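Listed below, chain by chain, are the residues.
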Amino acid sequence: MSVRIEGDVGNPAEVIGRVPRRLFGSFVEHLGRSVYTGIFEPGHSTSDGRGFRGDVLELVRELGPTVVRYPGGNFVSAYRWEDGVGPDRPVRLDPAWHSVESNRFGLHEFAAWAEAAGAEVMYAVNLGTRGIQEAADVLEYCNHASGTDLSERRRANGADRPFGFKVWCLGNEMDGPWQVGHKTADEYGRLAAETARVLRMIDPDVELVVAGSSNAEMPTFGEWERTVLRHTAGLVDHISLHAYYQELHGDTDSYLASGAALDRYIRAVAGIIDEQGLGGRVGISVDEWNVWDQRRWNETDQARLAEEGWREHPRIIEDTYTVTDAVVVGSLLGSLLRNVDRVTMANQAQLVNVIAPIRTEPGGPAWRQPTFHPFRQVAALASGVSLRLNVEGERLRTAQHGEVDLVDVAATAGDSGRGAVFLTNRSTASPTEVRLRLRGARYGVYAAETLAAPDGETRHAVNTADSQPVRPVPLPGTAVTSDPGGTTITVTLPPLSWTVLQLCPEAGGHA
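This section reports on the structure supplied with the text. (Residues numbered from 1 in each chain as written. Predicted model: local features only at pLDDT ≥ 70, side-chain atom pairs only at ≥ 80, totals over all residues. Heavy atoms only, no water.)

## As for the overall build of the chain
Line of reasoning, step 1. Looking only at helices and strands, one finds 11 helices and 27 strands in the chain.
Line of reasoning, step 2. The C-alpha atoms of the chain give 23 Å as radius of gyration, which agrees with the globular expectation for 511 residues (24 Å, within 12%).
Line of reasoning, step 3. When its C-alpha atoms are laid out on the principal axes, the chain stretches across 70 × 50 × 45 Å.
Line of reasoning, step 4. In the chain, buried positions account for 59% of the 511 residues.
Line of reasoning, step 5. For the chain, long-range pairs separated by at least 24 residues make up 77% of all intrachain contacts whose partners lie at least 6 apart in sequence.
Line of reasoning, step 6. In the form shown here, the chain has an accessible surface area of approximately 18,900 Å², with 48% of it arising from carbon and sulfur atoms.
Line of reasoning, step 7. Placing the 49 positive and 67 negative side-chain charges of the chain at their respective mean positions leaves the two points 3 Å apart. (Helix = DSSP H or I, 4+ residues; strand = E, 2+ residues; numbered from the N terminus. Rg over C-alpha atoms; globule rule 2.2 N^0.38 Å. Buried < 20%, exposed > 50% of the residue type's maximum accessible area, 1.4 Å probe, protein only. Contact = heavy atoms within 4.5 Å. Areas by Shrake-Rupley, 256 points an atom, 1.4 Å probe, with all protein chains shown as cover. Lys, Arg positive; Asp, Glu negative; His and termini not counted. Charge placed at Lys NZ, Arg CZ, Asp CG, Glu CD.)

This is the structure:
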């Protein structure tokens, strides 16, 4: 099989847009073991005096998330933020995840953890059971310097300087009937607009994310966005989009085409923004995305929770990811890069244990799941501008998404002259030869790595606490030729693989 890919590096018209650093975000919710025994475990052999697991922090820094959304998610829609500050922390029931919340970890702890991780905080407010006043209170508590009751409470609780959180989410998935405080589009749109107004009065520099649809299959998708944007036009900076993908009924080809489905979802939301005359004024925040086998939650975890009763941080939604899942995650990252003209930020959900690239055991080790590696590589290497590339050749016919390119591709050109090409081979059976022509610049390839099934393993290979065989390895056989018009790179991709080419400019490298 063979595919031809072409792009003009030297043509500004072929630049999709600049790559926003917030594209590489993550998500920590009070859900399962994401917080407790995930990022926070007092008494663990690697934990510091604050209870932050050092082994997890080391992996988070390696992974490279630039912004982390907190504290939810479904959890936030019944959360009282005051419970997680100060010396007296009440124990509450969390109806969203049928769990007991101790509140030992809260706003101050997360702000300190995010600083240690080198990540910006994206804070979500409760617009389910609460509303305008509570949102205004938590913003004042976090961002006002001093001299008021709430700011002085923050200082008394150990944070003399304001947290200065910039990005605020106006609730979460309010279109979903599973959400505590679920609302109609008009109900939510009006509440979001009034909340946005008062937040801007308190801190004019905040960026606000209004809740879009929970997924593209919601019966209200489209009309929800139109209604909410009519209410909030001129008040918000971003509208959210949530997208999860899973392999159903053995339909592997459709699963591997998830990146193309995300492309269409993003462009549909972008079209609605443009319909409302808000193009260029409202960006898209893909603030929940990942691969997730939701059957386990729906068919196993919920039944177990009902049987076991209310417990602290139960083991739920702890998917064990495979080579196949990592390849799909790579293609979803490629979709985000191809849509940087509209996507302003994105958060992979979630960071630790819950459908996460990092797994832990209480009192034990932390390790990288296969999905860790594509995120780490893209977060480290994708910079500068995203390039528009044309793909010709073999196609993959799928039941759910129609025909898609056999090889999914995204590419970036950094301001330093270095570049990166990200390739997903969706063929499960055969290697695919790729001929990549980059006009307008002369490059060398200084590193080529691929993630595929290790020798003797299948596409279902996983990493465990004891062994992590699924990881990128050097890809031999890359051929590079340059001429006055540009560079041609020929590479053979293994079946069902994720490949990264790191490019460096040749001496005198611009044609």
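Back to the write-up after that little detour.
## Some thoughts on the pairing of strand β11 (residues 283–291)
Line of reasoning, step 1. With nine of nine residues buried, β11 is to be regarded as a mostly interior element.
Line of reasoning, step 2. Alignment of strand β10 (residues 238–245) against β11, held across seven bridges, turns out to be parallel. Bridge pairing links H238 to G283 in β11.
Line of reasoning, step 3. Here β11 runs beside strand β13 (residues 343–349); their pairing, made up of four bridges, is parallel. Looking across to β13, one finds that W289 is bridged to Q348. (Pairing = 2+ DSSP bridges.)

## Quick notes on the environment of R22
Line of reasoning, step 1. Locating R22 in the fold gives a position in the loop between β2 (15–18) and β3 (25–27).
Line of reasoning, step 2. Sequence separation between R22 and W310 is 288 residues; the distance between their C-alpha atoms is 36 Å.
Line of reasoning, step 3. Dropping the residues within four chain positions of it, R22 is found in contact with T66, V67, E120, K166, V167, E207, T344, M345 and A346.
Line of reasoning, step 4. A distance of 3.0 Å separates the side chain of R22 from the side chain of E207, its partner in a polar contact. (Polar contact = N/O pair within 3.5 Å; in protein donor to acceptor, adjacent residues only side chain to side chain.)

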